[in-house]
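# Fold and contact review
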Amino acid sequence: MDKANPTLNDKAGYQNRRLTFDDKTLRDHNGRAIMMQWEKPIMEHQGKFICKNGGKILNVGFGMGYIDDEIQKHDIEHHTIIECHPDVWQKMKDDGWMDKPNVECIFGTWQEVMPELEREGRLYDGVYFDTWDEEDIGFHMNVQRMIRSGGLYSWFNKSDDPYTIQMHIKYQPLIQWFDIDCEKLEISPASQKEQADGGLGWYWNPDHTVYWHPMAIRQ
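Description of the structure in this document. (Residues numbered from 1 in each chain as written. Predicted model: local features only at pLDDT ≥ 70, side-chain atom pairs only at ≥ 80, totals over all residues. Heavy atoms only, no water.)

## Describing the sheet that holds strand S3 (residues 33-36)
- A sheet is described by the order of its strands in space; here three strands give the open sequence S1-S2-S3, paired in antiparallel fashion. The sheet terminates laterally at strand S1 (20-21) and S3, the two strands that pair on one side only.
- With two bridges connecting them, S1 and strand S2 (residues 25-27) associate as antiparallel partners. Within S2, the position partnered with Thr20 by the bridge is Arg27. (Pairing = 2+ DSSP bridges. Helix = DSSP H or I, 4+ residues; strand = E, 2+ residues; numbered from the N terminus.)

## Observations regarding the nonpolar core
- Residues Trp38 and Met92 are the most contacted members of the largest nonpolar core, which totals 39 residues.
- Put simply, the parts of the chain that give this core at least two residues each are S3, helix H2 (40-50), helix H3 (66-71), helix H4 (86-94), strand S6 (103-107) and strand S10 (210-218).
- Apart from the residues lying within four places of it in its own chain, the contact partners of Met92 are Phe62, Ile81, Glu83, Trp97, Met98 and Cys105.
- Grouped together as the second largest cluster of nonpolar side chains are 26 residues, Val60, Ile106, Trp212 and Ala216 included. (Core = buried A, V, L, I, M, F, W, Y, C linked by side-chain atoms within 4.5 Å. Buried < 20%, exposed > 50% of the residue type's maximum accessible area, 1.4 Å probe, protein only. Contact = heavy atoms within 4.5 Å.)

## Overview of the layout of surface pockets
- Of the voids in this model, the largest pocket is the one considered here, and its volume is about 760 Å³.
- If you list the elements that add at least two residues to the lining of the largest pocket, you get helix H1 (11-15), S3 and strand S5 (78-83).
- When the residues that make up the lining of the largest pocket are grouped by side-chain class, the tally is 16 nonpolar, ten polar and 13 charged. (1 Å grid on protein atoms, 1.4 Å probe; cavity = no way out; pocket = protein on both sides within 12 Å on 5 of 7 lines; lining within 4 Å. Points joined across faces, edges and corners; volume = space filled by probe spheres on them. Nonpolar A, V, L, I, M, F, W, Y, C, P; charged D, E, K, R; others polar.)

## Thoughts on helix H5 (residues 110-119)
- Along H5, the residues that are buried comprise Trp110, Val113, Met114 and Leu117. The arc that holds every buried residue of H5, seen down its axis, measures 100 degrees, which confines them to one face. Turned more than 90 degrees off the buried face of H5, the exposed positions are Glu112 and Arg119.
- Among the structural elements, strand S4 (56-60), S5, S6, strand S7 (124-129) and helix H6 (137-140) are those in contact with the buried residues of H5. (Arc of directions from axis to C-beta.)

## Examining the pattern of salt bridges
- Here the structure, examined in full by the defined rule, presents 13 salt bridges.
- As a salt-bridge pair, Glu120 and Arg122 come within 2.8 Å of each other at their nearest N and O atoms.
- Residue classification places Glu120 among the partly exposed positions, given a relative accessible area of 44%.
- Residue classification places Arg122 among the partly exposed residues on the basis of a relative accessible area of 23%.
- When salt bridges that share partners are traced, they join Glu135, Asp136, Lys158 and Lys170 into one network. (Salt bridge = Lys/Arg side-chain N within 4 Å of Asp/Glu carboxyl O.)

## Overview of the environment of Ile180
- With respect to the secondary-structure elements, Ile180 resides in strand S9 (residues 178-186).
- Take Ile180: its relative accessible area is 24%, and that puts it in the partly exposed class.
- Considering only alpha carbons, one finds Ile180 and Ile217, 37 residues apart in sequence, at a separation of 6.4 Å.
- Ignoring anything within four residues of it in the chain, the contact list for Ile180 reads Trp155, Met167, Leu174, Ile175, Met215 and Ala216.

## Overview of the environment of Ser154
- Tracing the chain through its elements places Ser154 in strand S8 (residues 147-155).
- Sequence spacing of Ser154 and Gly121 is 33 residues, and the spatial spacing of their C-alpha atoms is 21 Å.
- Discounting residues that sit within four places of it in the chain, Ser154 has contacts with Gln46, Phe49, Ile50, Val127, Tyr128, Phe129, His213 and Pro214.

## Quick word on the pairing of S8
- As paired strands, S7 and S8 are joined by five bridges and run parallel to one another. Within S8, the position partnered with Gly126 by the bridge is Leu152.
- In this structure, S8 lies alongside S10, joined through two bridges in antiparallel fashion. Across the sheet, Tyr153 pairs through a bridge with Ala216, a residue of S10.

## Quick word on the sheet that holds S4
- In space, the seven strands of this open sheet follow the order S6-S5-S4-S7-S8-S10-S9, with mixed pairing throughout. Looking at the sheet topology across the chains shown, the edges are occupied by S6 and S9. On average, adjacent strands in this sheet sit at an angle of 15 degrees to one another, irrespective of strand direction.
- Along the sheet, H2 makes contact with S4, S7, S8, S9 and S10, crossing S10 at roughly 15 degrees. (Axes fitted to C-alpha atoms, helices over the stretch in contact; angles between N-to-C directions.)

Below you can see the structure in the form of structure tokens.
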């Protein structure tokens, strides 16, 4: 068991963990940060990218809403959000996301929701993916069926060593379907203590001040 992520790849376990918000952080019950304000400039940059073609946009994982706030600033046709945690879902309701005219909010895991969207023949012009507490390669290996030719895709790039490697090796299979480039961003991550109030590690190494923004274009 991963002590920092005790429900890694256990969606039901994750959904039953209590999450709390403050102005700068979304945390789980053990004090570990799930999303923090330092990520906002990254999300804004990536939101601009996936909206460049307009059209229909899909975001998987709402978190603190940074990517979705950015998406709403652009001239798009439709905005779909998939979110699986009930505490985040309640925050979305409280903040009025269910009432926005061009937004469709779907509760559930992507594993539950994505097959239904495929059956409906949904195709998107831009997609972003950033979930918590799971290995993400499963989504990456299936997302190509949801993006129209020329569509744009990005995700939270968990490179272990951004100074020497732009993209984690597990993402390399995406080149079957996407032309991928990475843009270097200078970032100011939170300290280890800020990220893990309960002392259980971090989700981003605070010594890494480089982030590689993946820009994938569907072939």
